[in-house]
Amino acid sequence: MSAPKEEFLIQASSTQGLAPYAASDASSHGRRHKEEAPSRRSEYQRDRDRIIHCSAFRRLEYKTQVFVNHEGDMFRTRLTHSIEVAQIARTIARIMSLNEDLTETISLAHDLGQTPFGHAGQDVLNECMREYSGFEHNLQSLRVVDELEERYAAFRGLNLTFESREGILKHCSVKNAQTLGDVGERFIKKQQPSLEAQLTNLADTIAYNNHDVDDGLRAGLITIEMLLDVKLFRDQYENVKKEWKDLNDRRLIYETIRRMINHQVLDLVDVSQKNINGANPGSIEGIRKQSKPLIQFSENMGAQVQDLKRFLRKELYQHYRVLRMTAKAERIIKSLFDAFINDPRLLPREHAEICNTAEKELGPAGKARIIADYIAGMTDRYAIAEYEKLFEPTHLT
Ligand code: MG
């Protein structure tokens, strides 16, 4: 008997051990532009690899999470945040026999459309784009992978699978969804995305809540004493203190945070698996037809997570030092947008040409969208440099 072909072994391993309702190559809705199946990787491995090699991914290194990139080398950036999301999401996917490659792809891609300066950047760009159907970072992440990346001879964008695109588009208004074809349908029909997309969404929440505690403490904007009002923190902190009497603060904080993450992940896995067993979805299509997400925290944990979010919003994101940077960021982005929309000839030549063509084809909204793409694609430091070039009289242009 001859040995099975290597090709066969590789194909088989890509779905081995997956739950019947996990995303898989076999049940994928495919790519917008038809391509041959990859011979030695799964479809979602190929998507993940395309994300890692794209330029928007590299730029995440210099984009703000909460603290602006130049405020310190120890803080999270969008890149390290995305890697932490991927770590948490893959752990959950593996425990639940879901598709790890797809969760990794969605995690690494979920923030590709983020503007410089974090939420402040997105909010002000949305305001600038109000007359032109707004700016939303989830939609922009999809636009990056569908349109803006230019790497392949045969198509624009990265030509990712439907499941990766479905996961990247976390939220979307019904109005926008109507312009997006298949990937927008679930927002109109009120359906769910894959379990991999659902769990990555919550892994994102777990990652940022917990790393923002760490970064906030490190920056001295919040204190352990303040955090003792938050049950999620207090419970784990007290456990660590009981077990380890003489830990220094750094190790005490990290040990507490790692236990917080673990506690949330285990709660989520438990509750979600019960939900899945109860719903008995059978296949990924069965998941999509559910009226609400099956991946969830318990009610008790959900409330504690909300409580931590509220704490961070009040004590960290509204801290005067964060707000000062937010105010600067808003001025920079608004000034850049106004300058370019009033005179697109100020754009670098390549962007000016695209802007010109878009204006001819789509009118003022087309022009505005290209300017928003240009600004959203900037890193924090690039945006600051562009601002100086445009507005500092003695700065070299
Ligand atoms: Mg995120």
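The structure presented is a predicted model; accordingly, all values stated were derived computationally and were not measured. (Residues numbered from 1 in each chain as written. Predicted model: local features only at pLDDT ≥ 70, side-chain atom pairs only at ≥ 80, totals over all residues. Heavy atoms only, no water.)

Q: Kindly report on the side chain of T103, identifying the contributing residues and their values.
A: Tracing the sequence through the fold places T103 in helix α5 (residues 100–109). Within the local environment of T103, its side chain forms a polar contact with the backbone oxygen of E100, the two atoms lying 2.8 Å apart. Those residues in contact with T103 that lie beyond four places of it in its chain are A89, R90, A93, E196, L199 and T200. (Helix = DSSP H or I, 4+ residues; strand = E, 2+ residues; numbered from the N terminus. Polar contact = N/O pair within 3.5 Å; in protein donor to acceptor, adjacent residues only side chain to side chain. Contact = heavy atoms within 4.5 Å.)

Q: Could you give me a rundown of the packing of aromatic side chains, with the residues and numbers involved?
A: Throughout the structure, instances matching the rule amount to five aromatic pairs. With 6.3 Å between their ring centres and 90° between their planes, Y374 and Y382 make a pair best called edge-to-face. Through a chain of ring-to-ring contacts, the aromatic side chains of F340, Y374 and Y382 assemble into a single cluster. One residue, R50, lies across the ring of Y152, its end atom 4.8 Å from the ring centre. For the cation-ring pair, R381 lies above Y62, with the distance from its terminal atom to the ring centre recorded as 3.8 Å. (Phe/Tyr/Trp six-rings, centres within 6.5 Å; stacked < 30°, edge-to-face > 60°. Lys NZ or Arg CZ within 6 Å of the ring centre and 35° of its normal.)

Q: Could you give me a rundown of the layout of surface pockets, with the residues and numbers involved?
A: Within this model, the largest pocket holds a volume of roughly 1,500 Å³. Every element with two or more residues in the lining of the largest pocket is listed here: α3 (55–59), α7 (137–148), α18 (349–362) and α19 (364–376). The element contributing the most residues to the lining of the largest pocket is α7, with eight residues. Residues belonging to the lining of the largest pocket are distributed by class as follows: 20 nonpolar, 13 polar and 16 charged. Counting the residues that make up the lining of the largest pocket, at least three belong to each of domain 1 (40–321) and domain 2 (322–391). One number sums up the size of the second largest pocket: a volume of about 760 Å³. Lining of the second largest pocket is provided by 35 residues; of these, Q65, R78, G118, H119 and Y317 occupy positions nearest its centre. Going through the elements one at a time, α4 (78–95), α6 (118–128), α7, α11 (195–219), α16 (299–317) and α17 (320–342) are the ones with two or more residues in the lining of the second largest pocket. For the lining of the second largest pocket, the two domains that each supply at least three residues are domain 1 (40–321) and domain 2 (322–391). (1 Å grid on protein atoms, 1.4 Å probe; cavity = no way out; pocket = protein on both sides within 12 Å on 5 of 7 lines; lining within 4 Å. Points joined across faces, edges and corners; volume = space filled by probe spheres on them. Nonpolar A, V, L, I, M, F, W, Y, C, P; charged D, E, K, R; others polar. Domains from an automatic or database assignment.)

Q: Break down the coordination of the magnesium ion for me, citing the residues and quoting the values.
A: Only H81 (NE2), H110 (NE2) and D204 (OD) from the protein reach the magnesium ion as donors, at distances of 2.1 to 2.4 Å. Going along the chain, you hit the donors of the magnesium ion in the pattern H-x28-H-x93-D. Taken together, the residues span a long stretch of sequence, with H81 in helix α4 and D204 in helix α11 at a distance of 123 residues. Note on H81: relative accessible area 1%, which makes it buried. We classify D204 as buried; its relative accessible area is 6%. (Donors = N, O, S within 2.8 Å, 3.2 Å for Na, K, Ca; no water. Buried < 20%, exposed > 50% of the residue type's maximum accessible area, 1.4 Å probe, protein only.)

Q: Run through the packing of α4 against helix α14 (residues 249–279), naming residues and quoting values.
A: At their nearest, the axes of α4 and α14 sit 11 Å apart, and the two run at 35° to each other. Considering how the two elements wind past one another, α4 and α14 form a crossing that is right-handed. Between α4, through I88, I92 and I95, and α14, the contact on the second element is made entirely by I261, V265, L268 and V269. When the residues that make up the contact of α4 with α14 are grouped by side-chain class, the tally is seven nonpolar, no polar and no charged. (Axes fitted to C-alpha atoms, helices over the stretch in contact; angles between N-to-C directions. Left-handed = near helix turned anticlockwise from the far one by under 90°.)

Q: Go over the domain arrangement of the protein chain, please, and point to the residues and values.
A: You can read the domains of the protein chain as domain 1 (40–321) and domain 2 (322–391). Between the C-alpha centres of domain 1 and domain 2 there is a distance of 27 Å. Summed over both partners, the interface of domain 1 with domain 2 buries about 2,700 Å², with 68% contributed by carbon and sulfur atoms. Among the residues domain 1 hides against domain 2, the three largest losses belong to Y62, F117 and Y132. Together they make up 23% of the total. Counting across the domain 1 and domain 2 interface gives one salt bridge. Across the pair D373 and R143 runs a salt bridge whose closest N-O atoms are separated by 2.6 Å. Counting residues per element, the ones that place at least two in the side of domain 1 that touches domain 2 are α6, α7, α16 and α17. Looking at the side of domain 1 that touches domain 2 element by element, the count peaks at five residues for α6. (Buried area = accessible area lost by both parts, 1.4 Å probe. Salt bridge = Lys/Arg side-chain N within 4 Å of Asp/Glu carboxyl O.)

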